[in-house]
Amino acid sequence: MALHETKDARARDADTDVFTSALSGQILPKYRMPEDHSPSEVVYSLLHNELLLDGNAAQNLATFCTTWSDDGVHRLMNECLDKNMIDKDEYPQTAEIEARCVNILADLWNAPKGTSGTGCSTTGSSEAAMLGGLALKWRWRARRRAEGKPADRPNLVCGPVQICWEKFARYFDVELRQVPLEPGATGLVPHQLAAHVDENTIGVVAILGVTYTCDYEPVAEIAAELDRIQEEHGWDIPVHVDAASGGFVAPFLHPDVVWDFRLPRVASVNTSGHKYGLAPLGVGWIVWRTAELLPADLVFDVDYLGGDMPTFALNFSRPGGEVIAQYYLFLRLGRGGYRRVQQACADTAQYLAGEIAGMGPFTLLYDGQGGLPAVSYTLADPAGAGFTLYDLSDRLRMRGWQVPTYPLPADRQDTVMQRVLIRHGVTRDQIALLVSDLRAAVEHLAAHPQPVPATEPRSGFHH
Ligand SMILES: *Cc1c(COP(=O)(O)O)cnc(C)c1O
């Protein structure tokens, strides 16, 4: 064997050990693509190690999103890597499965029987909210024009909404009238509506599962108040329900809460498949009560790759795997399975609420009953505690727990709170360990009072 061949062979052999390879001896490039390729196993391992710096998703108690999936989901996601949701002509079965999911959700949310569901998958609730908001704006504008009235000053009325509605309002030129919180309230209170709606209101957004505290806004009472306002002023104002989280919780845990298409005023509903829908990240849904509520001129008939198909979406290409995974979960769990999963989460949330209430320094804002499987709480005596909830978050982070601290929205921004979400895959044992860490952290902080009672928020809150 020639000398240079031996050397090459040795160099190749060195490459087979990830940590003696050329790439692992370097700091990974941040600004310029490398000149040449590297072995897949080496690059994979180096990235795998870099990602260990991320928080551990299983201990992320801040997120509503799916952090655990079974093997069937993993396999289907892998098999569907190449499916483009938009290519309905090329992947007609993926398109068919999307339509089945829309039908199943329309049925779950009690849309009028006898028609197939009107709606579509999206990348999440944010895109779904844009589509729902656009339909509201289009219908309001058509009505105003038909009446010969100006249609240039649309507004949308809501309580403490998720950031996606602020985006909708800014991107699509709608005034967002966010009703400030009343003392003691955690969401929109129906009697507040009269002072905020008018003839230019395209709709009211009600939230099933308020992002901050996790309780439900009273959708039926909001609809009833809008009935009364219609009688008084003649304004027929539709409701869009942002059920990002609650859309997959209320039907199973709170079947008697009337929030969905059972209310004639509810025109559309969005949900996040990747939250309590249990699908992996990247899928949301919007469903309209009937086909008439989706203005035809928002739907594009795209003649593409040999087919003519209607689409209403902000994206064009989009992965199909999450939609398949959603359908898999519908079949795998069924209604009974979803009920058991959400009930297990709610039971764990109630257990945590009991422990937190008994600990001493906390007052519960939401005890995990009647809304999402979650707990939110505040310090009973913020001035006298000797520490802030921000300090407590930092302390819990030492054990890997990510428990967010943030202020309530206007006008209750002086109340700083913490929130823990219980999702599929978060176990009772894990939460019992959190409780003992919480207790130890409180004891430590109480024994070592922090000098500055910081009341100002330290970080943004956008979950
Ligand atoms: C999470 C959430 C959203 C945004 O949903 P994404 O699926 O993350 O885009 C909107 N509204 C509410 C109430 C939410 O909880």
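Residues numbered from 1 in each chain as written. Predicted model: local features only at pLDDT ≥ 70, side-chain atom pairs only at ≥ 80, totals over all residues. Heavy atoms only, no water.

**A word on the pairing of strand β3 (residues 175-178)**
- In terms of strand pairing, strand β2 (residues 155-158) meets β3 through four bridges, oriented parallel. When the bridges of β3 are listed, V157 appears paired with R177.
- With helix α6 (residues 163-171) bridging β2 and its parallel neighbour β3, the resulting β-α-β unit is right-handed. (Pairing = 2+ DSSP bridges. Helix = DSSP H or I, 4+ residues; strand = E, 2+ residues; numbered from the N terminus. Right-handed = clockwise from strand over helix to strand, strands pointing away.)

**Re the UniProt feature "modified residue: N6-(pyridoxal phosphate)lysine" (unreviewed entry) in the protein chain**
- UniProt marks K275 with the feature "modified residue: N6-(pyridoxal phosphate)lysine" (unreviewed entry), using the numbering shown here.
- For K275, a relative accessible area of 13% gives the class buried.
- Filtering out sequence-adjacent residues up to four positions away, K275 remains in contact with F64, C65, T66, A244 and S245. (UniProt positions renumbered as here; feature names shortened; annotations may be inferred. Buried < 20%, exposed > 50% of the residue type's maximum accessible area, 1.4 Å probe, protein only. Contact = heavy atoms within 4.5 Å.)

**Considerations on helix α11 (residues 428-447)**
- Over its 20 residues, α11 extends 29 Å from the first C-alpha to the last, a length consistent with the 28 Å expected when each residue adds 1.5 Å.
- Tucked into the core, α11 has its buried residues touching α9 (321-359), β10 (362-366), α10 (389-397) and β13 (416-421). (Expected span 1.5 Å × (residues − 1).)

**Brief notes about the site of the ligand**
- In the neighbourhood of the ligand, 13 residues make up the surrounding shell, with S126, D242, S272, H274 and K275 lying closest.
- In this structure, D242 approaches the ligand through a side-chain N or O atom, which is 2.6 Å from a nitrogen atom.
- In this structure, an oxygen atom belonging to the ligand sits 2.8 Å away from a side-chain N or O atom of S272.
- Surface burial for the ligand is 90%, taken as the share of its 380 Å² of free accessible area covered by protein chains.
- Across the shell around the ligand, the residue classes break down as three nonpolar, eight polar and two charged. (Near = heavy atom within 4 Å. Polar contact = N/O pair within 3.5 Å; in protein donor to acceptor, adjacent residues only side chain to side chain. Areas by Shrake-Rupley, 256 points an atom, 1.4 Å probe, with all protein chains shown as cover. Nonpolar A, V, L, I, M, F, W, Y, C, P; charged D, E, K, R; others polar.)

**Here we look at the side chain of R139**
- Summarising the element assignment, R139 is placed in helix α5 (residues 125-146).
- Although buried, R139 forms no salt bridge, and the nearest oppositely charged side chain, D236, lies 8.4 Å from it.
- Setting aside residues up to four positions removed in sequence, R139 forms contacts with P238, A267, L293 and P295. (Lys, Arg positive; Asp, Glu negative; His and termini not counted. Salt bridge = Lys/Arg side-chain N within 4 Å of Asp/Glu carboxyl O.)

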